[in-house]
Amino acid sequence: MTVVEEAPLEEAFEQTIARNDRIEPRDWMPDDYRKTLIRQIAQHAHSEIIGMQPEGNWITRAPSLRRKAVLLAKVQDEAGHGLYLYSATETLGVSRDDLTRRLLSGTQKYSSIFNYPTLSYADVGTIGWLVDGAAICNQVPLCRTSFGPYGRAMIRVCKEESFHQRQGYELLMTMMRGTDEQRAMVQESVDRFWWPALMMFGPPDGDSPNTERSMTWGIKRHTNDELRQKFVDMTVPQAKALGVTLPDPELRWNDERQAHDFGSPDWEEFWQVVKGNGPCNAQRLAHRQRAYDEGAWVREAAMAYADRQVDENV
Amino acid sequence: MTVVEEAPLEEAFEQTIARNDRIEPRDWMPDDYRKTLIRQIAQHAHSEIIGMQPEGNWITRAPSLRRKAVLLAKVQDEAGHGLYLYSATETLGVSRDDLTRRLLSGTQKYSSIFNYPTLSYADVGTIGWLVDGAAICNQVPLCRTSFGPYGRAMIRVCKEESFHQRQGYELLMTMMRGTDEQRAMVQESVDRFWWPALMMFGPPDGDSPNTERSMTWGIKRHTNDELRQKFVDMTVPQAKALGVTLPDPELRWNDERQAHDFGSPDWEEFWQVVKGNGPCNAQRLAHRQRAYDEGAWVREAAMAYADRQVDENV
Amino acid sequence: AAELASYCVMLGDDALVYAQRLSEWTSRAPDLEEDIAIANIALDLVGQARLLLTRAAAADPGIVPSLPEGSPVPAEDALAYFRDAGDFRNVRLAELPNGDFAELVVRLLVLSSWRLAIFQRLVAHPDPVIAAIAAKGVKELSYHRDFAGRWFVTLAQGTEESRRRLEAAMAGVWPLIGELKSPTAVESSVGADPAQITDELEDVLAQVLSVADVTPPDVRPIAVTRGGTGRDGMHTEALSRMLAEMQVVARAHPMGQW
Amino acid sequence: AAELASYCVMLGDDALVYAQRLSEWTSRAPDLEEDIAIANIALDLVGQARLLLTRAAAADPGIVPSLPEGSPVPAEDALAYFRDAGDFRNVRLAELPNGDFAELVVRLLVLSSWRLAIFQRLVAHPDPVIAAIAAKGVKELSYHRDFAGRWFVTLAQGTEESRRRLEAAMAGVWPLIGELKSPTAVESSVGADPAQITDELEDVLAQVLSVADVTPPDVRPIAVTRGGTGRDGMHTEALSRMLAEMQVVARAHPMGQW
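Residues numbered from 1 in each chain as written. Chains lettered and ligands numbered in written order. Predicted model: local features only at pLDDT ≥ 70, side-chain atom pairs only at ≥ 80, totals over all residues. Heavy atoms only, no water.

Q: Hey, could you go over the overall build of chain C for me, with residue numbers and the actual values?
A: When you go through chain C residue by residue, the secondary structure sums to 11 helices and 0 strands. Each helix (α) and strand (β) of chain C, taken in turn from the N terminus, gives the series α-α-α-α-α-α-α-α-α-α-α. In terms of overall size, chain C behaves like a compact globule, its C-alpha atoms giving a radius of gyration of 18 Å where 258 residues would be expected to give roughly 18 Å. Reported as C-alpha extents along the three principal axes, the dimensions of chain C are approximately 60 × 40 × 35 Å. The proportion of buried residues among the 258 residues of chain C is 62%. (Helix = DSSP H or I, 4+ residues; strand = E, 2+ residues; numbered from the N terminus. Rg over C-alpha atoms; globule rule 2.2 N^0.38 Å. Buried < 20%, exposed > 50% of the residue type's maximum accessible area, 1.4 Å probe, protein only.)

Structure follows, in structure tokens:
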């Protein structure tokens, strides 16, 4: 592709974006757009895969057979989301194996929320309610994102995550109707996850250099702070209905803004966790690395077998 | 050593045996005597080492800190017994590593009792009471065995095992004073271990080809059936004091013999387990093999380091 | 009714205990596709366990462990979470600790082939609930067996390493197959014809081994002891450890709602 | 008294939790001599935990979990077996799952050097019970540190493989040392001077590393989060799993005698 040809292509690309239409894998797209998308979709896929661990931690200890089935199915869905999203990235010309290596080497990130430990069964509910809730706020606008395969994957992902969020909330609601110990478990879990959940929307808009370009390209549709506010406003009444206290003394309704005022997360903690020093960063990557290494001989056997079948059919 | 010289040496050996004196490692001894001893002491050492597993299985679950300390110390003692006994065997010209390989390859055996699983904490007590009890019956006479290092090792081993036996009995006694569930645990455990404990004395005298020669050489001092009878007579009143039923409908006092009559263990089961088909044979050897393999790099490092120290001191 | 309950507990425990082992694989499989498939199989088995334990409790409420007055724990969970190892009736093959992926494939092939052979016959069981559970289960188990069978052939014919691992896994699993072929009195009286089940299991395994070009390992079955087998509540040391983990949250909250 | 109790629980839990990890090594060590030595260290730590938890319960009976009326469980066991993970106050380094023998050596070196530095100072503690516990513990901990130190040097200078493993183990342990140097208010007020302890820990480690000719790994400490650290009851995912196993028998029999 020569420079001469690029001008009309770029024009077509920008018109598509302006029309809020989808860019498809076969369409021409700027290199930066492609790179930004790969980074974002891969990070999203990695988050699904690493996100299997904190909840997976409780599958073997689920306190009822119904909850065991629900949790198994949820973690399985996360693997499924990882699959579609890796496929969407593959349409941009990178392989799943490549992306896995980037995850393991730390050159691509995943959502920092998964670097916090799950310490009780209530965390399964809290992750559904707050973490999936925050993820949905982030993701619903992405269903209209400009890149076709990503947008379509997000439609499916969001549908399933809404279901997970309801299940998580329902678990907490059930526990709140249980014993005092169960209610204390729920409150303790919410205390731990509230601030990390707020951090899921990313740093304050002033510290988020990529937001503007991503918005211009229609990859992103709202700023971090807008989404965070929306999440808080959505969650406060849910917390009330549940009967838990959100651990923020500054949290209150602001009649003038018709929105909640709330405190600021510990951004120093946020950057520490992003940089790899969170409570579970090393553990999560080591777990994934071990699974990857221990599976190597199986993947090799499958390839050798497939090659043999092809040879025999030739 | 030529044939000409052997006659007086053999005479001296036989005189030592006849006097009930000890043969020492530097003394001349017949090849068969040496081989029999190596087999017997090694088997005894292996039994201590493999015997760490069934009880070790409960260290991490001991129900009180006192019991955890008692059990840790006991399993540690077993490792210690293994150590002395391997040392005794080494005086006969075989290395510990050699013997370990023979254990792992299945060419040397260990006591079959350890091929039964431990299924409750009561088993820790039952093993102390019945299994160590049977072992002591077998071993006390060995303190007077003709080979010096073996006899001396047995004196120490027997002393510690008597202590273990009392501790095991005391655990069961304490549990019997506890709840109904605890009493049921003790009874269930005794039901499982009674017959295997009787098998510890080996097959009936008629089926024990090595007994006679070992007795002539002063390596063994009583027949299997004699020891089994002694064990039953010793154990029945202890069971009564404890308040458990021994699972043998034929067990009763015979006034004429001034001894207990009792049923016959399932010798078909005995031979199956000896041949390697017991409930835990594969598990016990696999566990030992894994520890051996996983420790290989450490043993190599220690040797390399020791060699280097020697070199530097030269 | 007691016999029927006892039979349902056996089949339910096989599913529950093996589902627990399979669920330990979550986020550890060789690739995403297998992670999803294994979770799916575990889910099917949890579902079967729930139906069977519920049926067992209905047939004989006396088998359900008693909980504190007013506990909201349903019968299926009382059975799953409040029995000790000695009260479980699963075959020992279901409870063995996980090995590598080859071990998963071999054990799943054996257990799903056996269970499918049973369920295919239970479809015609006089108890309509069992018949319905079996009808649903047959579809699920066919998929489990296919998954295992395909991977069995793949590993056998993949690389030297995969074949070596497959053979090692077979050597570990085969000694425990004898227990699947030794029905208890309850199974013989209430269940499907054990002779037919054994025949079918042997046929299926022979067929898969032949396609994979693998011979059965030269190992002897674990002997029957007076203690009995898993069906008699006599388990390996692994089961109580597994249950310590599985039951810990439920037991800490006998009055809990989940 | 509440502060003293809290301090004893911290030191007691460090010992209890790490003793549990060490006891998992039983029958798994590289050779018999190490098996015996590790069991010995675990035994010493169980002994320290018993004394410290008993002292804690005496100082503040309110911290002992309540058990059913008439339970014969002593205070030390009520604390060890009937608290949930969130009530444990050990540093997280004590609870990490076991790795290979190099991991044992590195972790033991760090934990025993740190604990010895503490105990050497507690010998002069105003509470005579704590002073006595410390006096006994100093001898034990000196042995633990020597054992770890000798093996540290051996592995560093043994083979390439042993040095590689030692370095990998250091990379895993080092990020958690920060927690040992960040005393809580209770430790600063009731315990020995934290600055001195930190200095001594750093000196000892520097000395061993220098003899072994090893440089500290290039890793960053685990960040402090609002959740807190082990001393605040905020643990890794490993602790609750460990406790599920450790406490299973005791909890099944709250009225039991052992």
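Q: Run through the interface of chain D and chain A, naming residues and quoting values.
A: Between chain D and chain A, the residue contacts involve 14 residues of the former and 23 residues of the latter. Roughly 1500 Å² is buried in total at the junction of chain D and chain A, and carbon and sulfur atoms are behind 47% of that figure. Among the residues chain D hides against chain A, the three largest losses belong to Arg226, Glu237 and Arg241 of chain D. Together they make up 44% of the total. A salt bridge links Arg284 of chain A to Glu237 of chain D, with the nearest nitrogen and oxygen atoms 2.7 Å apart. The interface formed by chain D and chain A holds 10 residue pairs in polar contact (both at pLDDT 80 or more) in total. The element contributing the most residues to the side of chain D that touches chain A is helix α11 (residues 237–252) of chain D, with 3 residues. Of the residues that constitute the side of chain D that touches chain A, the class distribution is 5 nonpolar, 4 polar and 5 charged. (Contact = heavy atoms within 4.5 Å. Buried area = accessible area lost by both parts, 1.4 Å probe. Salt bridge = Lys/Arg side-chain N within 4 Å of Asp/Glu carboxyl O. Polar contact = N/O pair within 3.5 Å; in protein donor to acceptor, adjacent residues only side chain to side chain. Nonpolar A, V, L, I, M, F, W, Y, C, P; charged D, E, K, R; others polar.)

Q: A description of the pattern of salt bridges should follow, citing residues and the corresponding values.
A: All names here are of chain B. What the rule picks out here adds up to 70 salt bridges over all chains. Between Lys74 and Glu55 there is a salt bridge whose closest N-O contact spans 2.7 Å. Here Lys74, found in helix α4 (residues 65–90), pairs with Glu55, found in helix α3 (residues 52–56); they are 19 residues apart in sequence, far enough to count as distant. Of the two residues, Lys74 and Glu55, neither departs from the other in class, the shared state being buried.

Q: Go over unusual backbone geometry with me, naming the residues and quoting the values.
A: For residues besides glycine, phi is generally negative; the peptide bonds are generally trans as well. A positive phi angle is found at Gln258 of chain A, which is not glycine, with a value near 50°. Accessibility expressed as a relative area gives 51% for Gln258 of chain A, which makes it exposed. Despite not being glycine, Asp213 of chain D shows a phi value in the positive range, around 60°. Using a relative accessible area of 54% as the deciding quantity, one classes Asp213 of chain D as exposed.

Q: Explain the interface of chain A and chain C to me, and be specific about the residues and the numbers.
A: The partner chain C presents 48 residues to the 48 residues of chain A that form the contact. Around 4100 Å² of area is buried between chain A and chain C when both sides are counted, 68% of it from carbon and sulfur atoms. Considering only the side of chain A, the residues that lose the most area to chain C are Thr60, Leu65 and Trp297 of chain A, jointly responsible for 20% of the buried surface there. Counting across the interface, chain A meets chain C through 2 salt bridges. The residue Arg96 of chain A makes a salt bridge to Glu33 of chain C at a minimum N-O spacing of 2.5 Å. In this structure, the connection of chain A to chain C is made through 16 residue pairs in polar contact (both at pLDDT 80 or more). Listed by contribution, the elements that provide at least two residues to the side of chain A that touches chain C are α3 (52–56), α4 (65–90), α7 (148–176), α8 (180–199) and α12 (281–313) of chain A.

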